[in-house]
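Descriptive structure summary
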Amino acid sequence: TLEVVDDTTVALVRKADSTYSVDARAVYQVKEPYYVDHTLTLCDRTSLLNPRTNVREVSWCCYTNSPEDPRLHFLSNGEWFRYISPQHGVGANIAPSYVPDKDLEVWPDEPHPPRPFHWHRADRRFDEPFYYGRLGDVVMILVFDTPRWLRFFCSPSGGGGSLLPGKSCPAWDFEWLIPAAEYQVDKEYQFRLRLVYKRYVDDEDVLKEYRKAVAELRFEKPPGE
């Protein structure tokens, strides 16, 4: 159901049922001059741990209509890295550089399909919990809370067919993974992000927006920051 909270805020609310045993509330608040702050609060009423990976996946899809630049832009190894996976299901998942290999989720060795396309790790990691994409002279920046559970994943064609003949749309997706050791049925979890949609200036301007979001919303910072 849709709930109007105030002039700038709405919430989508669902109750657990026989098809999906999750209580969820997704809140979207528009803020001047070009922000949308999103909070998802969920509570599983039965276990939704993936038996093949022993994590609870909480995923968002983000599709764009065939931008000229289909890549994600993020910091990796201390420098800017521009990346889109070479094909759907290959090198799709981008993990944080500050999570040791031993603490990363382990995916079963399965063919694709039935393996989900984002169960294939990219060689590079991200340093900071944000990325951006370009749409002409506009930039879309996503800044995330709870970075230790965060993963980016992408595909050059995951968004399906384009409005432009003969082209496909990239997927600029993301998810949080709740480890089995920290997961409980009937426990409430909250995931937050800020979307920034503005005229593109340069990489430094993107970094300013990232730092502003983290400070203003009191997002969790990666270790060492």
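Heads up: these notes are all about the structure in this document. Think of each chain on its own: its residues are numbered from 1, step by step along the sequence as written. Residue-level local features of this predicted model are given only where pLDDT is at least 70; pairs of side-chain atoms are given and counted only at 80 or more, and the full residue set underlies all totals for whole chains, interfaces and linings. Remark: hydrogens and water are excluded; side-chain values derive from all non-hydrogen atoms of the structure.

Right, let's get into the packing of aromatic side chains. Two rings from Phe, Tyr or Trp (for Trp, the six-membered ring) form a pair when their centres sit within 6.5 Å of each other. Planes less than 30 degrees apart are called stacked, planes more than 60 degrees apart edge-to-face, and all others tilted. Following the criterion strictly, the structure yields 25 aromatic pairs and no others. Taken together, a centroid distance of 5.1 Å and an interplanar angle of 85° make the contact between Y34 and Y35 edge-to-face. Relative accessibility under 20% of the residue-type maximum defines a buried residue, over 50% an exposed one, and the middle range a partly exposed one, all with a 1.4 Å probe and only protein chains included. Take Y35: its relative accessible area is 3%, and that puts it in the buried class. Arranged with centres 6.5 Å apart and planes meeting at 70°, the rings of W60 and F191 form a pair that is edge-to-face. Taken together, the residues W60 in strand β5 (residues 55–60) and F191 in strand β13 (residues 188–199) connect sequence positions 131 residues apart. Accessibility expressed as a relative area gives 14% for W60, which makes it buried. Overall, F191 belongs to the buried group, its relative accessible area being 0%. Seen from the ring of Y200, R134 lies directly overhead, with NZ or CZ sitting 3.7 Å from the centre. Think of it as a cone above the ring: NZ of Lys or CZ of Arg counts as a charge over the ring if it is within 6 Å of the ring centre and within 35 degrees of the ring normal. A cation sits over an aromatic face here: R194 above Y35, 4.2 Å from the ring centre. A run of DSSP states H or I qualifies as a helix once it reaches four residues; a run of E qualifies as a strand once it reaches two. Both are numbered from the N-terminal end.

Okay, the environment of T1 next. Secondary-structure assignment places T1 in the segment before β1 (2–6). Leave out the neighbours within four places in its chain, and T1 touches A11, L12 and V13. We call two residues in contact when some of their heavy atoms are within 4.5 Å.

Next up on the list: helix α1 (residues 203–217). Working rule for helices: expected span equals 1.5 Å times residues minus one. Over its 15 residues, α1 runs 21 Å from end to end, which matches the ideal 21 Å to within 8%, given 1.5 Å per residue. Buried within α1 are the following residues: D203, D205, V206, L207, E209, Y210, A213, V214 and L217. Whenever two N or O atoms come within 3.5 Å, that pair is a polar contact, provided that in protein one can donate a hydrogen and the other can accept it, and provided that, for residues adjacent in sequence, both atoms are side-chain atoms. Measuring from the backbone nitrogen of E204 back to the side-chain oxygen at the start of α1 gives 3.2 Å, which picks out D202 as the cap. Taken from the residues just after α1, R218 is the one with a positive phi, measuring 55°.

Strand order in the open sheet formed by four strands is β5-β12-β11-β8, and the pairing between neighbours is antiparallel. Each of the sheet's edge strands pairs with one partner strand only, and the pair in question is β5 and β8 (93–94). Two strands pair under a simple rule: DSSP has to find at least two bridges between them. Bridge analysis of β8 against strand β11 (residues 150–161) gives two bridges, and the strand direction is antiparallel. Opposite I94, over in β11, you have F152 as the bridge partner.

Let us now look at the nonpolar core. Put simply, buried Ala, Val, Leu, Ile, Met, Phe, Trp, Tyr and Cys residues joined by side-chain atoms within 4.5 Å make one nonpolar core. Counting 36 residues, the largest nonpolar core has F74, I94, Y131, F144, F152, W176 and F191 as the members making the most contacts within it. Per-element tally for this core: the top contributor is strand β12 (residues 168–179), with four residues. If near-sequence neighbours (up to four positions away) are discounted, F144 is found in contact with P129, F130, Y131, L150, F152, F174, W176, R192, L193 and F219. Core analysis: the second largest hydrophobic core is formed by 15 residues, Y35, F130, V196 and L207 among them.

Moving on, we get to a nonpolar patch on the surface. Grouping into patches uses exposed residues only, defined as over 30% relative accessible area, and leaves out salt-bridged ones; the cut-off is 9 Å for like charges and 5 Å for nonpolar side chains (Val, Leu, Ile, Met, Phe, Trp, Tyr). What sets the accessible areas is the Shrake-Rupley method with a 1.4 Å probe; for residues, cover comes only from the shown protein chains. For this document, the term salt bridge refers to a Lys or Arg side-chain nitrogen within 4 Å of an Asp or Glu carboxyl oxygen. Residues L2, V4, V10, L12 and Y28 make up a contiguous nonpolar surface patch of roughly 440 Å² in combined accessible area. Looking at the nonpolar patch, the elements that each hand over two or more residues are β1 and β2 (9–14). On the secondary structure map, Y28 appears in strand β3 (residues 22–31).

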